[in-house]
Amino acid sequence: MSYRILLLPGDGIGPEIVAEGEKLLAAVAEKYALEFTFSRGLLGGCAIDATGTPLPDETLALARDADAVLLGAVGGAKWDVGPAHLRPERGLLGIRKALGLYANLRPALLFPELAGASTLKPEVVAGLDIVIIRELTGGIYFGEPRGVGTLPDGSREGRNTMVYSEAEIERIGRTGFDIARRRGHRLCSVDKANVLETSQLWREVMIRLGSEYPDVDLSHMYVDNAAMQLVRAPKQFDVVVTENLFGDILSDCAAMLTGSIGMLPSASLNQTGFGMYEPVHGSAPDIAGQQKANPLATLLSVAMLLRYSLGEAAAADGVENAVAAVLRQGLRTADIAVAGEPVLSTVAMGDAVVAALRAGG
Ligand SMILES: NC(=O)C1=CN([C@@H]2O[C@H](COP(=O)(O)OP(=O)(O)OC[C@H]3O[C@@H](n4cnc5c(N)ncnc54)[C@H](O)[C@@H]3O)[C@@H](O)[C@H]2O)C=CC1
Ligand SMILES: CC(C)CC(=O)C(=O)O
Ligand SMILES: [Mg+2]
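A quick note: this is a predicted structure, and the numbers were derived from the prediction, not measured. (Residues numbered from 1 in each chain as written. Chains lettered and ligands numbered in written order. Predicted model: local features only at pLDDT ≥ 70, side-chain atom pairs only at ≥ 80, totals over all residues.)

**Details of the site of ligand 1**
The local shell around ligand 1 holds 20 residues, among which Ala73, Gly75, Gly262, His281 and Gly282 are the closest. Within the shell around ligand 1, the residues separate by chemical class into 9 nonpolar, 7 polar and 4 charged. (Near = placed C-beta within 6 Å. Nonpolar A, V, L, I, M, F, W, Y, C, P; charged D, E, K, R; others polar.)

**Quick notes on unusual backbone geometry**
Look at the link from Glu144 to Pro145: it is a cis peptide, with omega at 0 degrees. On the secondary structure map, Pro145 appears in strand β6 (residues 143–150). You will see that Ala33, though not glycine, has its phi angle at about 55 degrees, which is positive. Within the fold, Ala33 resides in the loop between α1 (14–32) and β2 (35–40). The exposure class assigned to Ala33 is exposed, which follows from the 9 C-beta atoms found within 10 Å. Unusually for a residue other than glycine, Gln291 sits at a positive phi of about 60 degrees. Residue position: Gln291 is located in the loop between β12 (275–277) and α11 (296–309). Judged by local crowding, Gln291 falls into the partly exposed class, with 16 C-beta atoms found within 10 Å. (Helix = DSSP H or I, 4+ residues; strand = E, 2+ residues; numbered from the N terminus. Buried ≥ 20, exposed ≤ 12 C-beta atoms within 10 Å, placed from the backbone.)

**Focus on helix α13 (residues 346–359)**
With 14 residues, α13 extends 20 Å from end C-alpha to end C-alpha; this agrees with the ideal 20 Å at 1.5 Å per step. The elements touched by buried residues of α13 are α1, α11 and α12 (313–328). (Expected span 1.5 Å × (residues − 1). Contact = placed C-beta atoms within 7 Å.)

**Points about helix α9 (residues 223–232)**
Among all positions of α9, only Val223, Ala226 and Leu230 are buried. Summarising the axial view, the buried residues of α9 lie within an arc of 45 degrees, below the 170-degree limit, and thus occupy one face. Turned more than 90 degrees away from the buried face of α9, the exposed residues are Asn225 and Arg232. Here the buried face of α9 lies against β8 (186–191), β9 (217–222) and α10 (244–257). (Arc of directions from axis to C-beta.)

**Quick look at the UniProt feature "binding site: substrate" (unreviewed entry) in the protein chain**
As annotated in UniProt, the feature "binding site: substrate" (unreviewed entry) corresponds to Arg96, Arg106, Arg134 and Asp224 in the numbering used here. Spanning 129 residues, the annotated positions stay apart in the fold, the maximum distance between their C-alpha atoms being 26.5 Å. Residue placement: Arg96 occurs in helix α5 (residues 88–98). We classify Arg96 as buried; it has 21 C-beta atoms within 10 Å. (UniProt positions renumbered as here; feature names shortened; annotations may be inferred.)

**Some points on the nonpolar core**
Counting residues in hydrophobic clusters, the biggest one holds 105 residues, and the most contacted among them are Val69, Val240, Tyr277, Val302, Val319 and Val353. With 10 residues, the single largest contributor to this core is α11. (Core = buried A, V, L, I, M, F, W, Y, C linked by C-beta atoms within 7 Å.)

**Thoughts on the domain arrangement of the protein chain**
Split by domain assignment, the protein chain resolves into domain 1 (1–102 + 265–361) and domain 2 (129–257). For domain 1 and domain 2, the distance between their C-alpha centres works out to 25 Å. If you look at the interface, domain 1 gives 8 residues, while domain 2 gives 10 residues. Among the elements that make up the side of domain 1 that touches domain 2, the one with the highest residue count is α5 (3 residues). The residue makeup of the side of domain 1 that touches domain 2, split by class, is 4 nonpolar, 2 polar and 2 charged. (Domains from an automatic or database assignment.)

**Some words on the site of ligand 2**
In the vicinity of ligand 2, the contacting residues are Glu89, Leu92, Leu93, Tyr141, Asp248 and Val280. If one sorts the elements of the shell around ligand 2 by residue count, α5 sits on top with 3 residues. Residue composition of the shell around ligand 2, by class: 4 nonpolar, no polar and 2 charged.

**Re the environment of Val216**
With respect to the secondary-structure elements, Val216 resides in the loop between α8 (197–210) and β9. Judged by the 21 C-beta atoms lying within 10 Å of it, Val216 falls in the buried class. Put simply, Val216 and Gln236 are 20 residues apart on the chain and 15 Å apart in space, counted from C-alpha to C-alpha. Filtering out sequence-adjacent residues up to four positions away, Val216 remains in contact with Phe177, Ala180, Arg181, His185 and Leu187.

So, in structure tokens, the structure goes:
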């Protein structure tokens, strides 16, 4: 089979980790007799520098022409000041919206070898395997009106609006129920229904959908409690479904349970199964250009790309097994190393995963 993959390295550590993703895909092609044709596009700060906009039309056209997209990360201090429409994050939000990528799957899985790197006690996280499903194209990141305006007294006011339609809630709710059905049959819907009208509608829709999924045990939790429960007793969760802002925050929190944010992959899918794949973390400007970034979140995102968008389950299993193998061998980047363990560079970790893939059965 032949597939077209769009690479969007982005900013900061993005180019370093996407290079490892490309290298891994080349090894996957060799091992599983697949063919990948790569294209490259600009998104975020690098796109602002080159074209004056964070999401050039050409990038969107390349994405629409691809079978799947692999993204690094966008953003950095260089672009943080200036007009809001020229922020790198606008490019990321823009491409998610334009491609209709409303379902963001963020699995948080603890590899047993990393129990010592987790911020929680080993007995609290042992066997951790949860999925956070984040609504990705609605809510406060997109609602209007937004902006900073001037009040009659001359002082300024910042404004953002959280909006959710019933249809938006229903489609992500169905994603949650469908995934819970394929896993442990437990779905926790996280909202703030005691305060927000959007959350009241969210809860109402989830309860209505629940009657169509009698085999799934649906529970509800307020987001503040959910944040606490995630670090108190994370294994009480199987699948969590929540809105955009809450999912953004909770998934960074879940990352630390697995040892590092450098371990968390994600898939952002639309109704047709088309997807963009990216690590959960950002562009990490503090370590950019130093070969210190952990590429495993990106390489696990490659596995999700193979599984969800290309239907290449054997290759996806091969990549996940290769990541598990390097961790079993004791190979670590700085973020997941505990005292005394030797530390690999980004490239060396990528090479190790490729070698493990080639050696794997
Ligand atoms: N999807 C995306 O493109 C995202 C972009 N951002 C952008 O990234 C920039 C930096 O944001 P921050 O809040 O600092 O979040 P961040 O996730 O980039 O970094 C937070 C911390 O985690 C570390 N870290 C992140 N990824 C790592 C990896 N693969 N290996 C080892 N350590 C890693 C960083 O060094 C830093 O100390 C900002 O411009 C922000 O807007 C933030 C989140 C997501
Ligand atoms: C532009 C932000 C919403 C990026 C981010 O933090 C994320 O998607 O996790
Ligand atoms: Mg985030």
